[in-house]
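What follows is each chain in one-letter form.
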Amino acid sequence: MKRLRLRLTNKLRIWIGIVLLFVVGAVPFLTPMQTYLSIPNEIVTFNNQSQIEVPYLGKSVKIDPSKSVKALDSSVFYAEEPGDSQLVYEVAGFPIKKVNLSVLDDMKVIPGGQSIGVQLHTLGVLVVGHHLVNGQEGTLSPGEDADIQVGDVILEIEGKPIKKMKEVKPFVKKAGEKEGKLNVTIKRGKETIETKLKPVLDTKVNDYKIGLYIRDSAAGIGTMTFYEPKSKKYGALGHVISDMDTKKPIEIHEGTIVRSSVTSIEKGNNGVPGEKQAKFSITENKIGSITKNSPFGIFGKLNDPISNGKSDEPLPIALSHEVKEGPAKILTVVEDEKVEEFDIEIVSTVPQKFPATKGMVIQMTDEKLLNQTGGIVQGMSGSPIIQNGKIIGAVTHVFVNDPTSGYGVHIEWMLQDAGLNIYKNEENKAS
């Protein structure tokens, strides 16, 4: 009898355990619990912009806002001034969830879309390759023998700063005639290295050579993303400019942007990205300087305000967590200097707390644009993306196997590299 009772008790415990396990496993899938878990711990937004909407848990749950936050509805609020505040979920006066609310100063910038010509002058002279010199004792590359590598930047020769290619030759000739060696300072990544380089007389051309291919500038086209009218700071391209030979980011000494006119479009196909063909003069129609070349684009100051003729009023920006999957628009040029608006789709977007270049996947859906370009083409990088009246980012890269799609970067990281700090209130409080 006791054994029977023990068996029944054990079976009962097992069944109770199974039921409890099922209940615990099912809790996250119950609608109220799902809603509760969807409540964010923190919300960051801008002053005088969109309303703040949080999940609604029912009539029995009250949301109590701080003094600087006004309730428009049971789950819709409006921040009346910048600063930090809270929204507290309460049941019968007991708090069950706290949401920290950070309201930033309003930030508006003017969208771009203009085609621009870009010229960068490198910091020093960039080494882009080696070549052999026909010396009296055979062929050799003095630069390679001196352990000067592709991607190195020549900063100084004989203690003198080198900024242009033409400044190198006099040193080479003088050292060659004296059969001496040059003291060369190079930059490799973050390292500064000293080396000695001996010019060799090339018997074929009767001139002294060092066996290096060098470059002091780079040029190309892109698209303006935004500019801030008070500071005249701008951002463009949305990605870093790298040297075509070394594939490494160009460290700049100075740079210039100019007006550019698109003359034709080479359409993109699967496996081959398309390209804008454009003309510009680096000595005429200068519109600004370039002071920074970063993973998020090129940045500097404009000489004067510029117009795109389409949307010249300042627009608010959206932080990465405010960007939604769905329709959006871009501003870009496909003919001459005319900025046009085209439809796209935000396929996916990633809320980012730290800077990252690939924040969105976008797809071109505008039939007119697809007919003209085949999708995203080189030169379109930097085209501003606008959603719900806000600038959310810029076009950056095309998918090689699908030219209709590509990546976009969130606008907040471009603003940060432009020196427009949207989080200055929080930093001031922290300091």
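Please read all numbers here as calculations on a predicted model, not as lab measurements.

## Considerations on the sheet that holds strand S30 (residues 377-378)
Point 1. Across the sheet, which stays open at both edges, the three strands sit in the order S21-S22-S30 with mixed pairing between neighbours. With partners counted over all chains shown, the strands left at the sheet margins are strand S21 (261-266) and S30, one partner each.
Point 2. Two elements, strand S22 (residues 274-279) and S30, share two bridges in a ladder whose sense is parallel. From the neighbouring strand, Gly274 faces S30, where its bridge partner is Val377.

## Comments concerning the pattern of salt bridges
Point 1. The full count for this structure, using the stated rule, is 10 salt bridges.
Point 2. A salt bridge links Arg215 to Asp243, with the nearest nitrogen and oxygen atoms 2.4 Å apart. Of this pair, Arg215 sits in strand S18 (residues 212-228) while Asp243 sits in the loop between strand S19 (233-236) and strand S20 (252-259), and the two are 28 residues apart along the sequence.
Point 3. The class for Asp243 is buried, based on a relative accessible area of 3%.

## Description of the packing of aromatic side chains
Point 1. Going through the model one piece at a time under the given rule, you end up with one aromatic pair.
Point 2. Between Phe399 and Tyr407 the ring centres are 5.0 Å apart and the planes differ by 80°, which places this aromatic pair in the edge-to-face class.
Point 3. The exposure class of Phe399 is partly exposed, given its relative accessible area of 22%.

## Looking at unusual backbone geometry
The general pattern is negative phi for most residues beyond glycine and trans for most peptide bonds.
Point 1. Non-glycine residue Asp147 carries a positive phi angle of around 60°.
Point 2. When you line up the elements, Asp147 lands in the loop between helix H3 (142-145) and strand S12 (153-157).
Point 3. For Asp147, a relative accessible area of 44% gives the class partly exposed.
Point 4. Of note, Asn388 is a non-glycine position whose phi angle comes to about 55°, a positive value.
Point 5. On the secondary structure map, Asn388 appears in the loop between strand S31 (384-387) and strand S32 (390-399).

## Looking at the pairing of strand S15 (residues 191-197)
Point 1. Relative to S15, strand S14 (residues 182-188) runs antiparallel, the two being bridged by seven bridges. Along S15, the bridge assignment pairs Ile186 with Ile193.
Point 2. Connecting S14 to the antiparallel partner S15 that follows it, the hairpin turn spans two residues, and Gly189 within it adopts a positive phi of roughly 65°.

## Concerning the environment of Gln149
Point 1. Looking at where Gln149 falls in the secondary structure, it is placed in the loop between H3 and S12.
Point 2. For Gln149, a relative accessible area of 34% gives the class partly exposed.
Point 3. Separated by 20 residues in sequence, Gln149 and Gly129 have C-alpha atoms that sit 7.9 Å apart.
Point 4. Among the polar contacts listed, one links the side chain of Gln149 to the side chain of Asp147, at a separation of 3.4 Å.

## Some points on the pairing of strand S5 (residues 76-79)
Along any regular strand the residues' side chains alternate between the sheet's two faces.
Point 1. Where strand S2 (residues 52-53) meets S5, two bridges bridge the pair, whose relative direction is antiparallel. Of the residues in S5, the one forming a bridge with Glu53 is Val76.
Point 2. As paired elements, strand S4 (residues 69-71) and S5 share three bridges and run antiparallel to each other. Pairing of Val69 across the sheet is with Ala79, part of S5.
Point 3. Linking two consecutive strands that pair antiparallel, namely S4 and S5, is a turn of four residues.

## Details of helix H6 (residues 411-418)
Point 1. With seven of eight residues buried, H6 lies mostly within the body of the structure.
Point 2. Within the span of H6, buried status applies to Ile411, Glu412, Trp413, Met414, Leu415, Asp417 and Ala418.
Point 3. At the exit of H6 stands Gly419, carrying a positive phi of roughly 90°.

## Brief notes about the sheet that holds strand S33 (residues 402-410)
Point 1. On the basis of which strands lie adjacent, the closed barrel formed by six strands has the order S27-S28-S29-S33-S32-S31 and antiparallel pairing. Across this sheet, the average inter-strand angle for adjacent strands is 40°, counted without regard to direction.
Point 2. Pairing geometry for strand S29 (residues 360-364) and S33, over four bridges, is antiparallel. The residue bridging Ile362 from the neighbouring strand is Gly406, located in S33.
Point 3. On top of the sheet, H6 reaches S32 and S33; it is set at about 55° to S33, its chief contact.

## As for the environment of Val409
Point 1. Mapped onto the secondary structure, Val409 falls in strand S33.
Point 2. We classify Val409 as buried; its relative accessible area is 0%.
Point 3. Between the C-alpha atoms of Val409 and Val395, which are 14 residues apart in sequence, the distance is 6.7 Å.
Point 4. In this view, Val409 contacts Gly238, Phe296, Ala356, Thr357, Met360, Ile392, Gly393, Ala394, Thr396 and Met414; residues no more than four positions away in its chain are not counted.

## Re the side chain of Glu322
Point 1. The topology assignment puts Glu322 in the loop between strand S26 (315-316) and strand S27 (326-335).
Point 2. Nearest to the buried, unbridged Glu322 among oppositely charged side chains is Lys390, at 4.0 Å.
Point 3. A polar contact is formed between the side chain of Glu322 and the backbone nitrogen of Leu319, at a distance of 2.8 Å.
Point 4. Non-local contacts of Glu322, meaning those with residues more than four positions away in its chain, are made with Val44, Thr45, Ser50, Ile317 and Lys390.

Here is what the cut-offs are and how they apply
Residues numbered from 1 in each chain as written. Predicted model: local features only at pLDDT ≥ 70, side-chain atom pairs only at ≥ 80, totals over all residues. Heavy atoms only, no water. Pairing = 2+ DSSP bridges. Helix = DSSP H or I, 4+ residues; strand = E, 2+ residues; numbered from the N terminus. Salt bridge = Lys/Arg side-chain N within 4 Å of Asp/Glu carboxyl O. Buried < 20%, exposed > 50% of the residue type's maximum accessible area, 1.4 Å probe, protein only. Phe/Tyr/Trp six-rings, centres within 6.5 Å; stacked < 30°, edge-to-face > 60°. Polar contact = N/O pair within 3.5 Å; in protein donor to acceptor, adjacent residues only side chain to side chain. Axes fitted to C-alpha atoms, helices over the stretch in contact; angles between N-to-C directions. Contact = heavy atoms within 4.5 Å. Lys, Arg positive; Asp, Glu negative; His and termini not counted.

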